[in-house]
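# Results of the structural survey
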Amino acid sequence: NLMKTMFEKKFRFYFFLTLIVAMICIPSYVSHDLSILFFVSSFLIISVFYNISLLLNFLFVNRLDMWSSPFFNYQGSSLFTIICQLLPIGLIFATVMLFELFDCQTLGCIVFIIISTLTYVFKNKIFDIYYRLYRRNRYSIMERFSK
């Protein structure tokens, strides 16, 4: 299926982009004596959970150039699209604050690794849900693209 292939390609692109950013951030982690567990859990929650959750945004954007670039074109997007992009960040931030409040950072790192692993294991099921949402709303989505 073409849409599922597009999801997979965009996920891989963003995963490797996040990997590059993580490699650039290694000196900062080392200089601040942060644990390797924190580094791995931060990388996984962003590269897997956050990136897969952002792929849902294609249902809300007004323009999408699916074939020429792995980037989505958010030109003319609504406030709802921006809220959908910030929601996963808010969930991640709230989880971090909760574990910081109870002084159990190691448990928070383990929870992030588990969430990321489960998200990755079930990514094809998640892509199937995204595809069903697309199929159900494809005419209204394509109508928005033609404006």
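Definitions and cut-offs
Residues numbered from 1 in each chain as written. Predicted model: local features only at pLDDT ≥ 70, side-chain atom pairs only at ≥ 80, totals over all residues. Heavy atoms only, no water. Helix = DSSP H or I, 4+ residues; strand = E, 2+ residues; numbered from the N terminus. Buried < 20%, exposed > 50% of the residue type's maximum accessible area, 1.4 Å probe, protein only. Expected span 1.5 Å × (residues − 1). Arc of directions from axis to C-beta. Bend = angle between axes of the 7 residues up to and from the residue. Core = buried A, V, L, I, M, F, W, Y, C linked by side-chain atoms within 4.5 Å. Phe/Tyr/Trp six-rings, centres within 6.5 Å; stacked < 30°, edge-to-face > 60°.

## Remarks on the environment of Ile89
- In this structure, Ile89 sits in helix H3 (residues 79-101).
- Overall, Ile89 belongs to the partly exposed group, its relative accessible area being 40%.
- Note: C-alpha distance between Ile89 and Ile46 (43 residues apart in sequence) is 9.0 Å.

## Considering helix H4 (residues 105-121)
- Helix length check: H4 (17 residues) gives 24 Å between terminal C-alpha atoms against 24 Å at 1.5 Å per residue, within 8%.
- Listed in full, the buried residues belonging to H4 are Gly108, Cys109, Phe112, Ser116 and Thr119. Each buried residue of H4 sits inside an arc of 100 degrees when the element is viewed along its axis, so together they form one side.

## Remarks on helix H2 (residues 36-54)
- Between its first and last C-alpha, H2 extends 26 Å over 19 residues, near the 27 Å set by a 1.5 Å rise per residue.
- At Ile45, H2 shows its strongest bend, of approximately 25 degrees.
- Those residues of H2 not exposed but buried are Phe39, Ser41, Ser42, Phe43, Ile45, Ser47, Val48, Tyr50, Asn51, Ile52, Ser53 and Leu54.

## Let's talk about the nonpolar core
- Among the nonpolar cores identified, the biggest contains eleven residues, and these are Met3, Met6, Phe7, Phe11, Val48, Ile52, Leu55, Phe127, Tyr130, Tyr131 and Tyr134.
- The set of elements that each furnish at least two residues to this core consists of helix H1 (2-31), H2 and helix H5 (123-145).
- Judged by nonpolar contacts, the second largest core, of five residues, contains Ile45, Tyr50, Ile92 and Phe112.

## Some details on the packing of aromatic side chains
- The final tally for this structure, using the stated rule, is eleven aromatic pairs.
- On the basis of an interplanar angle of 40 degrees and a centroid distance of 6.1 Å, the ring pair of Phe11 and Phe15 is categorised as tilted. One end of the pair is Phe11 and the other is Phe15, both in helix H1 and four residues apart, which spans about a single turn.
- Here the aromatic rings of Phe15 and Phe16 are separated by 5.6 Å at their centres, their planes lie at 85 degrees, and the arrangement is edge-to-face.
- Connected via pairs of aromatic rings, a cluster forms that spans Phe11, Phe15, Phe16, Phe43 and Tyr120.

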